[in-house]
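Residue-level structural notes
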Amino acid sequence: DAGITQSPRHKVTETGTPVTLRCHQTENHRYMYWYRQDPGHGLRLIHYSYGVKDTDKGEVSDGYSVSRSKTEDFLLTLESATSSQTSVYFCAISESGQGIGEQYFGPGTRLTVT
Amino acid sequence: DQQVKQNSPSLSVQEGRISILNCDYTNSMFDYFLWYKKYPAEGPTFLISISSIKDKNEDGRFTVFLNKSAKHLSLHIVPSQPGDSAVYFCAARVHNAGNMLTFGGGTRLMVKP
């Protein structure tokens, strides 16, 4: 299994509070991704990174920001959490943008915004 | 508009029989298609992939078929086992687009003993 951890694994927070989710990898992979999973929508890309300090938006980036100051860490921040951001968040990594390009996923963080 | 669709939210199959999971797409720029399997409370795991230049790829009990003219792919599992019970996601990648994947909504497969 790829060395990917996410913290926290579960979090309950109130509307309007800031929240930061952390993804940590030990594989030294260049690409890192944040997805959210919601019923009927599969996984939707929030933001991704193609190197330290290099990030870009995905399909559902509104209300989220990211930072990557080290190869191994990719942070997802909800500046002011809303109930619509209640979801399961997955981090993924991939070695490069070439070839098959399969991504390896972390165990997920279940976030509830009340 | 969803570019990758899995129109069957669930599928029930008897152990030992064939499971067929379907996926449709709309973007002609997809160059790779991937299937992921997800158990509850775990992250998705990569299962099998196919390049857009092929029409079939096989790995043990799993075979993926691609019909480019119909923009349709399917995952066949033969024989199905109870341990295959999971949610299966179809995903597609656009060539030279930062390795971003677009996922379908998933199909929950239940294999009955």
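Residues numbered from 1 in each chain as written. Chains lettered and ligands numbered in written order. Predicted model: local features only at pLDDT ≥ 70, side-chain atom pairs only at ≥ 80, totals over all residues. Heavy atoms only, no water.

Structural notes on the packing of aromatic side chains
Applying the stated criterion across every chain yields a total of 15 aromatic pairs over all chains. Ring geometry for Y25(B) versus F30(B): centroids 6.1 Å apart, planes at 65°, classification edge-to-face. Just as Y25(B) is buried, F30(B) falls in that class too. What links up through ring pairs into an aromatic cluster is the set Y31(A), Y33(A), Y35(A), Y48(A), Y50(A), F105(A), Y36(B), F46(B), F89(B) and F103(B). (Phe/Tyr/Trp six-rings, centres within 6.5 Å; stacked < 30°, edge-to-face > 60°. Buried < 20%, exposed > 50% of the residue type's maximum accessible area, 1.4 Å probe, protein only.)

Quick notes on the environment of K53(A)
All names here are of chain A. Looking at the secondary structure, you find K53 in the loop between β5 (42–51) and β6 (54–57). Counting along the chain gives 17 residues from K53 to K70, while the straight-line C-alpha distance between them is 8.0 Å. With residues near it in sequence (within four places) discarded, K53 still touches R68 and S69. (Helix = DSSP H or I, 4+ residues; strand = E, 2+ residues; numbered from the N terminus. Contact = heavy atoms within 4.5 Å.)

As for the nonpolar core
By size, the foremost hydrophobic cluster in this structure holds 23 residues, and its most contacted members are F33(B), W35(B), L73(B), L75(B) and Y88(B). If you list the elements that add at least two residues to this core, you get β3 (19–25), β4 (30–38), β5 (45–51), β7 (62–67), β8 (72–77), β9 (86–94) and β11 (107–112) of chain B. With four residues, the top contributor of residues to this core is β9(B). One finds C23(A), Y89(A), L111(A) and V113(A) within the second-largest nonpolar core, a separate group that totals 19 residues. (Core = buried A, V, L, I, M, F, W, Y, C linked by side-chain atoms within 4.5 Å.)

A word on the sheet that holds β8(B)
Residues and elements named next belong to chain B. In spatial order, the strands read β1-β3-β8-β7-β6; together these five strands make up an open sheet with antiparallel pairing. With one partner strand each, in any of the chains shown, β1 (4–5) and β6 (56–59) form the two edges of the open sheet. In the sheet, β3 pairs with β8 via six bridges, with the strands oriented antiparallel. Opposite N22, over in β8, you have S74 as the bridge partner. (Pairing = 2+ DSSP bridges.)

Purely spatial values, then, with no claim about function.
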